[in-house]
Amino acid sequence: MFQRRIWLVGLLLLCLPWSVLSAQGGYPVIAGDNLGQLTEIARLGRGTLYGIALSPDDHTLAVASSLGVWLVDLDAGEPSPILIEGHTGDVYAVAFNPEGNLLASGGADGTVRVWHAGDQHQVRLFEGHESAVRAIAFSPTESKLASGDESGAIHIWEVGGALEWPFIGSHEGAVNSLDFNDDGTVLLSGGDDEYLRFWSMEMMSRLGEVDVDADVESAAFGPAGFSYVLGTDQDLVVIAHPDREVFFELEEHEDSVTSVAYSPDGALVASAGRDGRLLLRDAERGVLVRPLLADDFMEQVLFDSTGSRLVGLGADHTVYVWDVTENAPTDVLPFSSGRMLGIAFSQDGRLLAGGSVGDDSVRVWETTNFTEIARLLDHQGPVRAIAISPDSRWLASGSAIDPDIRLWNLKTFELTEALS
């Protein structure tokens, strides 16, 4: 658990009380019998990011991460995210209720937690899943909350009262996506068993299913009726209007489709894939409206309440915002460096360096107050190895992708040489 925490958080720095010292140099010695005395002195980074949710008023972005749930005020000039802690593992999914005053989260500890969005205190704790919760959705009626886990189980919870509905059904693989229709009477679920399923909230039973012949990575209802869109791990996007028997099977992605979303008016469908493509389509005709540009592929995309903006969580741990009438993003928020795979202290303890997965950078902190003093960019992949010379003049870094070792001057923070 101790090693895993350092691997995922970014950097979590701990120290021992000075009463526990080594015989050489007066430095603390970490051993099995004193691990309980470790105390956190700094936390650098915001962890690995998994999913996002936008409040109904478009002012607050919730971000699911390996540390907990981050709340970001999108109206602030320089956002200072607030961390909500409570889960005992990574948080994979978040969702706001229709009023925007409640936020639900689900994660690796198998719990579903409901938080007050204003003061961030925990309102409800739901336990019943036997594996990590991967998908979560509020009903438009606000009284019910759905959650799905890695083993395929789907649960319905009564948020405002004491009643907790039992498990209502399952997939034979992980549940990747959940969504309610516009009046909350039907729940849609997509999973790794290649099925899209529909559930009656009145009968608490399955209404029907569609054999997609590919794992369903993401699915969503349209804003009215029973139109829906889904994306699969076989590069396929399907836009369906069952009431008119109109179906579009679109194969414009060249890799798994990670996320799909309907605009609030039902006019547009957005799809994001691991091929790096982010596409807007006419939902009624299935035709491409325009591609949108980003620096990396999107893990998740969603429209704001007006349908004029699209928000995306990039694999590079950056939050992007597009005006749907333009190709390039209008706002870019570098939110997290992602996992840190290699770290090193200088011999004098003054500097700390870490290699990032999120933006392929080397980050350098001054350890007096742990402020970032440099971000070194030249690698073309995750930085896995870091070393600082004994005189603290040089830093060497190595990546998992490009073959050259970079040598950096720690006085000027300039790249000195690339060693083949």
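Residues numbered from 1 in each chain as written. Predicted model: local features only at pLDDT ≥ 70, side-chain atom pairs only at ≥ 80, totals over all residues. Heavy atoms only, no water.

1. Some thoughts on the pattern of salt bridges
And then number 1: Inspection of every chain in the model, using the stated rule, returns 14 salt bridges.
And then number 2: Glu-150 serves as the salt-bridge partner of Arg-134, at 2.9 Å between the closest nitrogen and oxygen. You can see Arg-134 sitting in strand β11 (residues 133-138) and its partner Glu-150 sitting in the loop between β12 (144-149) and β13 (153-158), a full 16 residues away along the chain.
And then number 3: Look at Arg-134 and you get partly exposed, because its relative accessible area is 31%.
And then number 4: For Asp-378, the salt bridge goes to Arg-406, with nearest N and O atoms at 2.8 Å. (Salt bridge = Lys/Arg side-chain N within 4 Å of Asp/Glu carboxyl O. Helix = DSSP H or I, 4+ residues; strand = E, 2+ residues; numbered from the N terminus. Buried < 20%, exposed > 50% of the residue type's maximum accessible area, 1.4 Å probe, protein only.)

2. So, the sheet that holds strand β10 (residues 122-127)
And then number 1: Within the open sheet, the four strands sit side by side as β7-β8-β9-β10. Their pairing is antiparallel. Edge strands, defined here as strands with exactly one partner in the open sheet, are β7 (91-96) and β10. The mean inter-strand angle of the sheet, taken between neighbouring strand axes irrespective of direction, is 20 degrees.
And then number 2: As defined by bridge partners, β7 adjoins strand β8 (residues 102-107) across five bridges and the pair is classed as antiparallel. Its bridge partner being in β8, Val-91 is matched across the sheet by Gly-107. (Pairing = 2+ DSSP bridges. Axes fitted to C-alpha atoms, helices over the stretch in contact; angles between N-to-C directions.)

3. Considerations on the pairing of strand β25 (residues 278-282)
And then number 1: Most of β25 is tucked away: five of the five residues are buried.
And then number 2: Residue alternation in β25 divides its side chains into two sets, Leu-278, Leu-280 and Asp-282 and Leu-279 and Arg-281, and both sets are buried.
And then number 3: Bridge count between strand β24 (residues 268-273) and β25: five bridges; the pairing is antiparallel. By the bridge assignment for β25, Ala-272 is matched with Leu-278.
And then number 4: Pairing geometry for β25 and strand β26 (residues 288-292), over four bridges, is antiparallel. If you follow Leu-280 over to β26, its bridge partner there is Arg-290.

4. Comments concerning the sheet that holds strand β4 (residues 60-65)
And then number 1: Judged by pairing direction, the sheet is antiparallel, and its four strands sit side by side in the order β3-β4-β5-β6 without closing on themselves. Looking at strand neighbours, the two that pair on one side only are β3 (49-54) and β6 (82-84), the edges of this open sheet. Neighbour-to-neighbour, the strand axes of the sheet open up by a mean angle of 25 degrees, direction not taken into account.
And then number 2: In terms of strand pairing, β4 meets strand β5 (residues 69-73) through five bridges, oriented antiparallel. The residue of β5 that forms the bridge with Thr-60 is Asp-73.

5. Some words on the environment of Phe-247
And then number 1: Along the chain, Phe-247 turns up in strand β22 (residues 246-250).
And then number 2: With 18 residues separating them in the primary sequence, Phe-247 and Val-229 have C-alpha atoms 9.8 Å apart.

6. Things to note about the packing of aromatic side chains
And then number 1: Summed over all chains, the structure comprises six aromatic pairs.
And then number 2: An aromatic cluster is defined as three or more aromatic residues linked by ring pairs; in this entry it consists of Phe-198, Phe-221, Phe-226 and Tyr-228.
And then number 3: Just above the ring of Tyr-92 sits the side chain of Arg-134; from NZ or CZ to the centre is 3.7 Å.
And then number 4: Its end group placed over the ring of Tyr-195, Arg-197 keeps NZ or CZ at 4.8 Å from the ring centre. (Phe/Tyr/Trp six-rings, centres within 6.5 Å; stacked < 30°, edge-to-face > 60°. Lys NZ or Arg CZ within 6 Å of the ring centre and 35° of its normal.)

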